[in-house]
Amino acid sequence: MEAFQLLSRGGARFDKKRFQKDVSLFSKKPAKSGPVEKLLDGELPGELDYFKYAAGGSGKRKADSEGTAKALKKRKVEEEEEDQDMEEEEEADDTPSRPRQRVVTKGSNIPSHADTFHELVERYQLSSLLLSNLTTYGYTQPTGIQSYGIPILLQSRDLAAISPTGTGKTLSYLLPIMSSLGAPSSSANSDAGSGVRAIVIAPTRELAHQIHNECLKLAQGRKWRIVLFSKATAGTLADKATRDKVDIIISTPLRLVASLRSGGVELNNVRHLILDEADRMLDSEFFPQVEEILAACSHPNLQKAVFSATLPAGAEKMAMQMLKDPIRVVVGLKDTPLPLISQSLTYVADDPSKLPSLLTYLAQPYNPPVLIFTSSQPRATSLAQELVLNGVSNVDCLHAGMTKKEREDAVSRMRKGESWVMVSTEVMARGMDFKGIREVINYDFPTSVQSYVHRIGRTGRAGREGKAVTYFTDDDAPFLKAIANVLLQSGSTVPEWILKLPKPSKLKRRQMGKVKRAEIVNPARKVGRSDAIKKRDMVAGSKRRVVRETNTNIMAE
DNA sequence: AAAAAAC
């Protein structure tokens, strides 16, 4: 472990030079690439190109344009069938600099959207200080979710907001909260009551921390007390007088519940409750905690809002039951990544073949920083170690099994651009906004469509381009098709044979789901490309039956 | 459908 840390720090200088050279190489001929890169970019080697074995196939990977069109058409029909009395659809965001995003709103008496932040000054008395803070931090024009969501929240309505990753959801709820807070709780403010008035809940510490930072930026120049809840901060709020001066709390659910139980915080004055990453907060692990928080927010004028890029039907139902006369805003297509992210699927046969493939990939010019997702903490640790031992420089690791300090350090290195390769678990999948991330690699296959969408959403943020590569093995076959449909829907290409895979039975899924993955081991420590990709029967059991799917499962939930 | 994350 020590050796690992030493190695991951050392060698940086040498490799920085190499990296700079690589970048210039890369920018000279961006599209042209050697056979290896092509292979790793989602293309199957000739002998493994199952596309050509598929009925009616014509050789190489190509866009299944017919499938895409069909998928989109089906999707459109589904949306239209939701025909409810108050539904509106319009093209938002007419600025030529940004792609148009379709916005669908549903609910009663929907406030009209705001095309500029300045509009909010007249309509909702947004303070000039908040407006100037927006300008200071480069928020010039509201995104789709901001222009629709902010007026809704400013009119004290409950909101379910679904907008793709990296489209500015955080600001959409922070700005209205701050606008309605008015004077700080500590001052003589007759409306304020006593005690915390707004709460934001997020599923990981890192995300809560990031939201807190955003909040502080926006609040500059005002004396609001904005507290990021942790063991330490909870301690300082021991006496009620101090507690009553707090305006906003940002916390993970369990931390807040713990304080609630110990009497360290009271939520009876909370006017705004935000669930970020709502589908995650409503899943079976978190929901009991959220319920407890909800029950403690006893103020009659409690406004509730949920935000996410994904909201499966079950979670949406729960959310709608929780909200009062809610307005639902969907930007783009639900559960779909941004089209700016170019996605590909890479076949790697089996688990032992992954590491050689990744090493080959990282030995070539690539765009750092790269974020790599694994399925478990031990696998994240051992992959990071393997990478370091194989000479990859500036490797970092981040998972929830690490200490708070280790996690904080890893994030800060990431923010400073010091880590080029970050190996992580699902903890990094949601909400984290590292602006520089150019590439996401799903080393282990994501276990749900939602996980996939959030993971790859770490790149391509705020209008930037991004790239996402997903490794899959024979064991991942049961879940391959659902993910392939996501690629299709967001405009990426998928080999046709994958689309022709039958939907696996529940039993099969369960059996294959039980396949345990060991830690990453590389006995030889030097493996050539021929070993990296083994010739193998693809997706045993499913290629035999190529069934024409009548029910194209677009939204696998 | 399943691991990770939350204290």
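Rules used in this analysis
- Residues numbered from 1 in each chain as written.
- Chains lettered and ligands numbered in written order.
- Predicted model: local features only at pLDDT ≥ 70, side-chain atom pairs only at ≥ 80, totals over all residues.
- Heavy atoms only, no water.
- UniProt positions renumbered as here; feature names shortened; annotations may be inferred.
- Helix = DSSP H or I, 4+ residues; strand = E, 2+ residues; numbered from the N terminus.
- Buried < 20%, exposed > 50% of the residue type's maximum accessible area, 1.4 Å probe, protein only.
- Contact = heavy atoms within 4.5 Å.
- Areas by Shrake-Rupley, 256 points an atom, 1.4 Å probe, with all protein chains shown as cover.
- pLDDT = per-residue confidence, 0-100.
- Near = heavy atom within 4 Å.
- Polar contact = N/O pair within 3.5 Å; in protein donor to acceptor, adjacent residues only side chain to side chain.
- Nonpolar A, V, L, I, M, F, W, Y, C, P; charged D, E, K, R; others polar.
- Core = buried A, V, L, I, M, F, W, Y, C linked by side-chain atoms within 4.5 Å.
- Domains from an automatic or database assignment.
- Axes fitted to C-alpha atoms, helices over the stretch in contact; angles between N-to-C directions.
- Parallel < 35°, antiparallel > 145°, perpendicular 65-115°, else oblique.
- Left-handed = near helix turned anticlockwise from the far one by under 90°.
- Buried area = accessible area lost by both parts, 1.4 Å probe.
- Salt bridge = Lys/Arg side-chain N within 4 Å of Asp/Glu carboxyl O.
- Pairing = 2+ DSSP bridges.
- Disulfide = S-S within 2.5 Å.
- Phe/Tyr/Trp six-rings, centres within 6.5 Å; stacked < 30°, edge-to-face > 60°.

Chain A is annotated in an unreviewed UniProt entry as RNA helicase of Mycena alexandri. In the Sequence similarities (unreviewed entry) part of its UniProt record, chain A is described as follows: "Belongs to the DEAD box helicase family. DDX52/ROK1 subfamily." UniProt's Catalytic activity (unreviewed entry) comment on chain A is quoted here verbatim: "ATP + H2O = ADP + phosphate + H(+)".

Okay, the overall build of chain A next. Broken down by element type, chain A carries 23 helices and 15 strands. For chain A, the proportion of its 557 residues judged to be buried stands at 56%. In chain A, the share of contacts with a sequence separation of at least 24, taken over all contacts with a separation of at least 6, comes to 77%. Accessible surface for chain A amounts to roughly 24,800 Å². Of this, 53% is attributable to carbon and sulfur atoms.

Within the secondary structure, Ala208 is located in helix 9 (residues 205-218). In sequence terms Ala208 and Ser230 are 22 residues apart; their C-alpha atoms lie 9.9 Å from each other. When residues no more than four places from it in sequence are discounted, the contact partners of Ala208 are Ala202, Leu228, Ile250 and Ser251.

Before going further, it helps to examine the environment of Ile162. Summarising the element assignment, Ile162 is placed in strand 3 (residues 159-162). Placed 269 residues apart in sequence, Ile162 and Gly431 show a C-alpha to C-alpha distance of 13 Å. With sequence-adjacent residues up to four places away left out, Ile162 is seen in contact with Ser308, Ala309, Leu311, Glu316, Val329, Val330, Val331 and Lys334.

Let us look at the confidence of the model for chain A. Taken residue by residue, chain A gives an average pLDDT of 77. The fraction at 70 or more is 71%. pLDDT under 50 marks residues 91-97. Its contacts with residues more than four places away, or in other chains, come to 13 contacts. Below pLDDT 50 for its whole length, residues 523-557 participates in 75 contacts with residues either more than four positions away or in separate chains.

If you check the shell around DNA strand B, you find 23 residues, and the closest are Arg280, Glu285, Ser376, Gln377 and Thr447. In DNA strand B, the atoms that sit within 4 Å of the protein are 61% sugar and phosphate, with bases accounting for the remainder. Ala400 places a polar main-chain atom, nitrogen or oxygen, 2.8 Å from a phosphate oxygen of DNA strand B. For the surface near DNA strand B, the secondary-structure elements that each account for two or more residues are helix 12 (253-261) and helix 22 (506-513). Of the residues in the surface near DNA strand B, the class split is five nonpolar, ten polar and eight charged.

This part is about the UniProt feature "domain: Helicase C-terminal" (unreviewed entry) in chain A. Taking the UniProt record as the reference, the feature "domain: Helicase C-terminal" (unreviewed entry) is found at residues 354-502. Each end of residues 354-502 is marked by a C-alpha atom, and these two atoms are 25 Å apart; helix forms 40% of the span and strand 15%.

Turning our attention to the nonpolar core. Among the nonpolar cores identified, the biggest contains 60 residues, and Leu120, Leu175, Met178, Ile248, Ile250, Phe307 and Val329 are the most heavily contacted of them. The element contributing the most residues to this core is helix 8 (residues 169-181), with seven residues. Shared between two domains, this core holds at least three residues of each, these being domain 1 (2-23 + 34-69 + 340-532) and domain 2 (103-331). Leave out the neighbours within four places in its chain, and Leu175 touches Phe117, Leu120, Leu126, Leu130, Leu134, Ile150 and Leu218. In terms of nonpolar packing, the next biggest core, distinct from the first, is built from 33 residues, Ile162, Leu260, Leu273 and Leu311 among them.

Before going further, it helps to examine unusual backbone geometry. Following Pro368, the chain continues into Pro369 via a peptide bond in cis, with omega recorded as -5°. One can find Pro369 in the loop between helix 16 (354-362) and strand 11 (370-373). At Asn109, a residue that is not glycine, the phi angle is positive and equals roughly 45°. In this structure, Asn109 sits in the loop between strand 2 (101-106) and helix 5 (119-124). Of note in the backbone geometry, Asp325 takes a positive phi value of approximately 40° without being a glycine. One can find Asp325 in the loop between helix 15 (313-322) and strand 9 (327-331).

Let's shift gears to the packing of helix 12 against helix 14 (residues 287-296). When two helices pack together, their arrangement is given by the angle between the helix axes and by the axis-to-axis distance. The interhelical angle for the contact between helix 12 and helix 14, taken along N-to-C directions, is 50°, at an axis separation of 9 Å. When the axis of helix 12 is compared with that of helix 14, the two are oblique. Helix 14 is crossed by helix 12, and the crossing has left-handed handedness. Of the residues in helix 14, those touching helix 12 at Pro253, Leu254, Leu256, Val257, Leu260 and Arg261 are Gln289, Glu292, Ile293 and Ala296. The class makeup of the residues in the contact of helix 12 with helix 14 is seven nonpolar, one polar and two charged.

Taken domain by domain, chain A holds domain 1 (2-23 + 34-69 + 340-532) and domain 2 (103-331). At the junction of the two partners, domain 1 supplies 18 residues and domain 2 supplies 15 residues. Summed over both partners, the interface of domain 1 with domain 2 comes to about 1,400 Å²; 53% of that surface belongs to carbon and sulfur atoms. Glu277 is paired through a salt bridge with Arg430; the nearest N and O atoms lie 2.9 Å apart.

Judged by pairing direction, the sheet is parallel, and its six strands sit side by side in the order 10-15-14-11-13-12 without closing on themselves. Across the chains shown, the open sheet's two edge strands, defined by having one partner strand only, are strand 10 (341-347) and strand 12 (395-398). Taken pair by pair, the neighbouring strands of this sheet meet at an average axis angle of 20°, ignoring direction. Inspection of the sheet shows strand 10 paired to strand 15 (residues 466-472) by seven bridges, in the parallel sense. Bridge pairing links Gln343 to Ala468 in strand 15. Most of the contacts of helix 20 (residues 477-489) go to strand 10, to which it runs at about 150°, and overall it touches strand 10 and strand 15.

A few words now on the state of the cysteines. For the coordinates displayed, the defined rule picks out zero disulfides. The thiol sulfur of Cys297 is not disulfide-bonded, and the nearest other cysteine sulfur, from Cys215, lies at 16 Å.

All right, on to the packing of aromatic side chains then. Inspection of every chain in the model, using the stated rule, returns four aromatic pairs. Aromatic pair Tyr347 and Phe472: ring centres 5.5 Å apart, planes at 50°, arrangement tilted. A residue pair is termed long-range when its members are at least 10 positions apart, and Tyr347 in strand 10 and Phe472 in strand 15 qualify at 125 residues. Across the pair, Phe472 and Tyr347 agree in class, each one buried.

On to the environment of Thr233, then. With respect to the helices, strands and loops of the structure, Thr233 is situated in helix 10 (residues 231-236). For Thr233, a relative accessible area of 23% corresponds to the partly exposed category. With near-sequence residues (within four places) excluded, Thr233 lies in contact with Val227 and Leu228. Separated by 2.7 Å, the side chain of Thr233 and the backbone nitrogen of Ser230 make a polar contact.

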